[in-house]
Amino acid sequence: MKKLIAIICVLLVIFVGMVIYRRSNINSNNVTASEVGQIEEYITKIYAWKEVTGEALPTFDDINNAPDLWLWQVVVNNLEEYAVSREQIQSKATEIFGPNFTKEFPEEGTENLKYDESLNLYVAGEVQTDNKEDVFYINSIEKSQNEYKVEIAEYLEDYSNETEESNNGYDIKIENLNGEEIATVKDTDGETVIVNTIKENIDKLSKKIVTLQKGDNDNFYVIKVVNGT
């Protein structure tokens, strides 16, 4: 029975990877569907909120040079508990950013992870976000040994009209990072419609090249992020 469950889990991972693979313009034959799935999952993990951190994914030449505001917000977003010790925070940061990450969480805490003397722990606070969801689309992946250069196109999905739902659903505006509307889809449209809309308007979106490295444990870590063309 355990074997059957394990086989089902493996097949599910492969299937999800294949779906993601078809949604991306992969231009390297040695990138597997499973790797594409892992890469999307990892970038989703480190993709924050533009309205909170300035950029959902900022540019940097080394993970230790990344903006503190973004770094620690990513850690907060991935915590399993709302009250944690400094050691737990540091451990989570290493888990996300890899063994080469050397920055230390400030003892005084941050705006969204404040120290509580009564608990002797750091407590995550509520974050105010808007109606625009920060989204990325994997445009291409280039692999060289254990290094992956992933080009993503960034855009916003504006759900401001969610309260104006009718029998035909409500409009979701697709915007670039400058807030310029490039297309409109319905909430009832399937994912394929949205993906095709992004592909058709890819030249109107800003892009970044995310360099990832696969570690010995097959986990992915971000090395640097630069602006694309």
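Refer to the structure printed above.
Keep in mind it's a predicted model, so treat the numbers as computed, not measured.

Asker: Which residues make up the overall build of the protein, and what values go with them?
Answerer: In terms of helices and strands, the protein carries six helices and ten strands. Counting across all 229 residues of the protein, residues that qualify as buried make up 43%. The contacts in the protein between residues at least 6 apart in sequence include a share of 50% that link residues at least 24 apart. On the protein, roughly 13000 Å² of surface is accessible, and the fraction owed to carbon and sulfur atoms is 46%.

Asker: Explain helix H6 (residues 191-200) residue by residue, including any values.
Answerer: Because the α-helix completes a turn every 3.6 residues, residues three or four places apart line up on one side. Of the residues making up H6, those classed as buried are Ile194, Val195, Thr197 and Ile198. Buried residues in H6, looked at end-on, bunch into an arc of 155°, giving them a common side. Along H6, the residues that are exposed and aim more than 90 degrees away from the buried face are Thr192 and Glu200. Among the structural elements, strand E5 (132-144), strand E6 (147-158), strand E7 (171-175) and strand E8 (181-186) are those in contact with the buried residues of H6.

Asker: Got a sec to walk through the layout of surface pockets? Specific residues and values, please.
Answerer: Its boundaries defined by the atoms lining it, the largest pocket holds a volume of some 510 Å³. Along the wall of the largest pocket there are 23 residues; nearest its centre are Glu133, Asp134, Val135, Phe136 and Glu157. Breaking the lining of the largest pocket down by element, the ones donating at least two residues are helix H2 (33-46), E5, E6 and H6. Examining the composition of the lining of the largest pocket, we find that six residues originate from one element, E5, more than from any other. Classifying every residue of the lining of the largest pocket gives eleven nonpolar, three polar and nine charged.

Asker: Break down unusual backbone geometry for me, citing the residues and quoting the values.
Answerer: A positive phi angle, near 55°, is found at Asn120, a position not held by glycine. Here Asn120 lies in the loop between strand E3 (113-116) and strand E4 (121-124). For Asn120, a relative accessible area of 51% puts it in the exposed group. One non-glycine residue, Gln145, lies in positive phi territory at about 55°. Within the secondary structure, Gln145 is located in the loop between E5 and E6. Gln145 sits in the exposed class, given a relative accessible area of 71%.

Asker: Go over helix H4 (residues 68-77), please, and point to the residues and values.
Answerer: Of all ten residues in H4, seven are buried; the element is thus mostly enclosed. For H4, the full list of buried residues reads Trp70, Leu71, Trp72, Gln73, Val74, Val75 and Val76.

Asker: For the pairing of strand E9 (residues 206-214), give the residues involved together with the corresponding values.
Answerer: Two faces belong to every sheet, and in a regular strand the side chains alternate between them. Relative to E9, E6 is paired through eight bridges, and the arrangement is antiparallel. Opposite Glu147, over in E9, you have Gln213 as the bridge partner. As judged from the seven bridges shared by E9 and strand E10 (residues 220-227), these two strands associate in the antiparallel manner. Bridge pairing in E10 links Leu212 to Val222. Hairpin remark: E9 followed by E10, antiparallel, with five residues in the connecting loop; positive phi at Asp218, about 70°.

Reading the values: the criteria
- Residues numbered from 1 in each chain as written.
- Predicted model: local features only at pLDDT ≥ 70, side-chain atom pairs only at ≥ 80, totals over all residues.
- Heavy atoms only, no water.
- Helix = DSSP H or I, 4+ residues; strand = E, 2+ residues; numbered from the N terminus.
- Buried < 20%, exposed > 50% of the residue type's maximum accessible area, 1.4 Å probe, protein only.
- Contact = heavy atoms within 4.5 Å.
- Areas by Shrake-Rupley, 256 points an atom, 1.4 Å probe, with all protein chains shown as cover.
- Arc of directions from axis to C-beta.
- 1 Å grid on protein atoms, 1.4 Å probe; cavity = no way out; pocket = protein on both sides within 12 Å on 5 of 7 lines; lining within 4 Å.
- Points joined across faces, edges and corners; volume = space filled by probe spheres on them.
- Nonpolar A, V, L, I, M, F, W, Y, C, P; charged D, E, K, R; others polar.
- Pairing = 2+ DSSP bridges.

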